[in-house]
Amino acid sequence: MRRSIAILVFVYHLSVCNGSCKHGRTILTNETGVISDGENTTTYPSYARCEWLIDAKHPNKSIYLEFEFIDTECSYDFLFVFDGDSYLSPTLASLSGQHRPGPIVAKSGKMLVYLFSDRNYERTGFRASYSMQDCPFNCTGHGNCIGHQCYCFMGRTGNYCQLEECPQNCSSHGACVMKDDNSTYKCQCEKGYAGYMCNISLNNSEGSELWYTLLPEGMGLEPRSAHAGAFVSRTECLYVFGGFSLNEVLSDLNCYCINETTWNSINRSEPWPKGRYEHAIELFEDGFYMFGGMLDDGNYSDELWFFNVTSETWTLCANESVFKPLQLSGHTLTRVEDNLYVFGGKTKDGLFWSNIYKINGHIPTEWQEVLPLAGKSSARRLVGHSTVYHKESKSLLIYGGYSHNADEPRYGSHKDELHLFHVENKIWSKIKTNEALDNGPAPSQRSFHSANIMGNYMVVFGGNTHIHHDVEKCYDYEIYLYHLGCHIWVKAELLMGKYSSALDDGRVSHVAAVAYGNTLLVAGGYAGYVKGDVMAFKFPPLIAPPSSEVSLDLDYCTNITLADKCQSNPDCLLCTKQGRCMHRTHITEQLCGPLKTGVPYMQCPGICSRLSSCVSCLSQGQGAARSQDSPEHWTYIQPCNWCVKEGECQLRSKPTGNCAAATSTSSGLVGWWGDKSLSLSQIAQCRLEDKPAGLVSILRQTNMAEKYRRIYTRPLLKSFTRWRGWIHPLNATVKHLIDPSPKQFMLKLAVDNIAVKVWLNKDAIVGRKERIMNIGIGDNPLELKSRADNSLLFPNTSPGTRYYLDIEGEYLYPSSTNSQPAINEKLYSIELKWDGSATNGNSLSVLHAFSFEFLEPYSVGDCANFTSCLACMTDTACGWCDVEARCMPRNTSTSACAKEGHQLMITEPSVCTVCDDHVECLSCAKDPHCEWVKDKVHCIRRGRGLDTEIAAIPEQCPASCHELSSCSQCLNVGECAWCESLRSCLPFYDYVIRHRHGQCTEWVDSEITRNDNTYSCRNCSILKSCESCMKSFNCGWCGNRANPKKGVCFEGDFAGTITWPKITASNSPT
């Protein structure tokens, strides 16, 4: 709302356009010029608020802006471009990162350019040239500009004559015909070809490995981001609903049919969904479903809609469901057989979720929540992720996304993890990364990308890949391939020789859909500005066969004639005897002879080596679930077994290590368990029989180094660690003596930054503790050959004899008030060595750590004494039942955790809920083992924080950010940030996600007030001098004409004063 003042003027301070900006304002009226933040050899300052107004002095003139370079902190520092002289003018672009945009044109006669930087780190900024034009883009040189309007030459069309009619003579695959409105000409493609220039062949392999422009900008689709869509094979049409245009939330439904050369808008009929963005759409039978999204009023939706493509009508579904999902945005909607699954997303209060919901797509009346039976759901709170369903493994594959930082939940980060959720056994698994196995490095962390299953690959495209201080790529343009049989990432250029010519046209929040089995359609998206084009990438049949050939189940490997090309493809192997490349499912030694080994790209490790727990191994390792439409050559998932003593998931057909031979140990001795390790094949066996070797369940040998993590504690807090179990000497010999008698073994204890006490009993009885070593911080290593009474350390070394070992360490955790180590820097280390070995065993150094064959974990069974999950894990006879919140014997038969169909008993520490898993105060304070550090926004173990800083009960928690309606309230809560332009408070970790399109043109948080910075809560009215007013962003001085120094400071911009609408905490504007 504007306030006009007749006798007062709105005065702006002017600064030079080339100097290093801080809070300067510049008005430019020359017909051409250059704007920049300063010299590109320096960085722009932190807290920059720099403005340039380019004024053509005529409302019908256009202003053309072209960038030489741009380099800002991705997702945090923005260069905004507005079509007008106000921050209420239409937004043309909100640029961030290092992606140089194409030319930007303002058509109002004015262009406002504004650089905003935060308090983190700075980059080299930008440099751009501008020119004033009578017509936009000067009609691209293909038309006459008359009265500020383009009149195109023959053969050209578009608002700026930017499009060629019937380009390249329709690529010789179509006819040039008059459009229906008799205005211009278009290509009418012959059957089997598509695109505005008829240059892409459909449903075959012709012209693969290339990008195609099906429809350029300006052919019917209003540019947008965060929309959703689907390709319907029956109609051969791509449908797109909603999205965000940078200026409004859209509610239109558009359709692009492949045999057409333009978008068509579906006529509205009642009922019709409200406009929304960050929603999700999924194909289902004769139409598609749509769920959730952010609405125009800032609220989130929990509605499920179905669009029937035959009747072109919407139906609201499950509106009377007894149970409903949360109101979400940034989630996924995925078809699984007859059901639709919703996963992840965030709610209006800024919280990220890992909930799973499902509904029957044929009878969409009642929602259900899917409760996982194993795996830590809190580790999968994601927004902006991708989800695909792989029916052969009966699993949802969730990749990437945005979530809380593990050590600093106040901040968020993009993720690069791949999670699996088995829809039948309801178990979460996580794929281990291993660059040695991957055929090239895995993609970097990302969010708001797309993923689709094509052939035997998950195809990932685009996304925001920003890594602080490292990668400023906001909008990726690469294609990434994850092989679903071999479970490796494969470089696209290894499989596609033409891929090096891939389009440098990155984007996020786009629609990506599969057409004809081998063609990826990409529509719209965001790259600092919104897009309205349709691109297509056509894959070769070795990656994704066309749908016309799927039923033929062809072996495309036989088309490869070069050996290195064959061996670079995970589907193919070189058949030596036949002298040709063949699909690996056809290869046998009888047919081909010995396989050629040592080739780096021939590996197909499969899923087993990617899984790290017994439950996940046996959940995902049951082999392929083939259906009638699962081609043999696409589907090979090798069954896995869990090798207990190795703590390793292995190929069922090829056991290794101690599951292959009893003497396959570090020393060459048979382990204390007396034979080969157990090899498990069923999930139910994990609870009873997965008892690994080592001390406790995670220490495989007697050395460890703990790395520093940012945990906030009070000063001089003592922390403790403990190892318990038994040592089995296993009749080992003394390494450096020949036929020693008696066997006088030596122990050596070395520590760093920790004080340690060691008890070693003379027998296996736990209660007879005998301390043999005591070492302080900074002490030299201790060596010991006998006990205090001069008796041997291990009086009897025969197999079956064991000695109780107890090691306790005490250290001071670095206080948050003192200087701290770097993340992942060594915090402390402990190493207990001895000189035992086998006479004919493996080569070992004289002194070495005890390896797992000598170490039996603590297993007594006093489970009721443990009151937390982590404590319960220190006894391998015990397991934690989360639904009953108690520790109990693993072999119980009465607990809910021991019954089929119920949540599985937790038997490994990584699945336990710990304080770090709580990312907001209320859940932290409700946990009896945790407390919330308010100022540091972190959940820690109870008793570690200062009483004045913590919330130990829910009543002590600060208000949620979204409940705060003023800047001063907002900045009093450490986890919140205030968006000045939207007058809303939000959790800081939600800033990148909620305002990634640049909706928030300025924000402040409590860190600014700590740094004594002038940019805090804006209040122009308290500034009493023209000078102080001019130094504050969005403030201007309304002075008396006779004496300009007399006046009032108002909030406003180049267009004048602004009175913002009154904002309530529950209704923040979009």
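Residues numbered from 1 in each chain as written. Predicted model: local features only at pLDDT ≥ 70, side-chain atom pairs only at ≥ 80, totals over all residues. Heavy atoms only, no water.

### Some points on the packing of aromatic side chains
How two aromatic rings sit relative to each other is given by the distance of their centres and the angle of their planes.
Piece 1. Evaluation of the coordinates by the stated rule reveals 56 aromatic pairs.
Piece 2. Relative to Trp-314, the ring of Phe-288 has its centre 5.9 Å away and its plane inclined at 80°; by these criteria the two rings are edge-to-face. One end of the pair, Phe-288, is in strand 27 (residues 287–291); the other, Trp-314, is in strand 30 (residues 313–317), and 26 residues separate them in sequence. Both residues of the pair, Phe-288 and Trp-314, belong to the buried class.
Piece 3. Counting every residue linked through ring pairs, the aromatic cluster contains Tyr-239, Phe-241, Trp-272, Phe-288, Trp-305, Phe-307 and Trp-314.
Piece 4. A cation over a ring is seen here: Arg-119 above Phe-988, with NZ or CZ 5.4 Å from the ring centre.
Piece 5. Lying across the ring of Phe-284, Arg-335 places its NZ or CZ 3.8 Å from the centre. (Phe/Tyr/Trp six-rings, centres within 6.5 Å; stacked < 30°, edge-to-face > 60°. Helix = DSSP H or I, 4+ residues; strand = E, 2+ residues; numbered from the N terminus. Buried < 20%, exposed > 50% of the residue type's maximum accessible area, 1.4 Å probe, protein only. Lys NZ or Arg CZ within 6 Å of the ring centre and 35° of its normal.)

### Focus on the confidence of the model for the protein
Piece 1. Summarising the model, the protein shows a mean pLDDT of 88, and 92% of its residues fall at 70 or more.
Piece 2. Here residues 1–19 scores under 50 on pLDDT; set against residues more than four positions off or in separate chains, the count is 65 contacts.
Piece 3. A low-confidence stretch, residues 597–601 (pLDDT under 50), is modelled with 6 contacts involving residues beyond four sequence positions or located in other chains. (pLDDT = per-residue confidence, 0-100. Contact = heavy atoms within 4.5 Å.)

### Side note on the nonpolar core
Piece 1. Core analysis: the largest hydrophobic core is formed by 68 residues, its most contacted members being Ile-35, Trp-52, Leu-65 and Met-111.
Piece 2. No other element matches strand 10 (residues 110–116), which puts 6 residues into this core.
Piece 3. The residues touching Met-111, leaving out its near neighbours within four places in the chain, are Trp-52, Leu-53, Ile-54, Ile-63, Leu-65, Val-81, Phe-82, Gly-84, Ile-104, Val-105 and Ala-106.
Piece 4. Counting residues in hydrophobic clusters, the runner-up holds 44 residues, among them Trp-723, Leu-760, Leu-793 and Val-933. (Core = buried A, V, L, I, M, F, W, Y, C linked by side-chain atoms within 4.5 Å.)

### Some remarks on unusual backbone geometry
Piece 1. In the segment running from Glu-270 into Pro-271, the intervening peptide bond is cis, with an omega of -5°.
Piece 2. One can find Pro-271 in the loop between strand 24 (264–265) and strand 25 (276–277).
Piece 3. Residues other than glycine seldom take positive phi values, yet His-148 does so here, at roughly 65°.
Piece 4. You can see His-148 is positioned in the loop between strand 12 (143–146) and strand 13 (149–152).
Piece 5. One non-glycine residue, Ser-171, lies in the positive phi region at around 55°.

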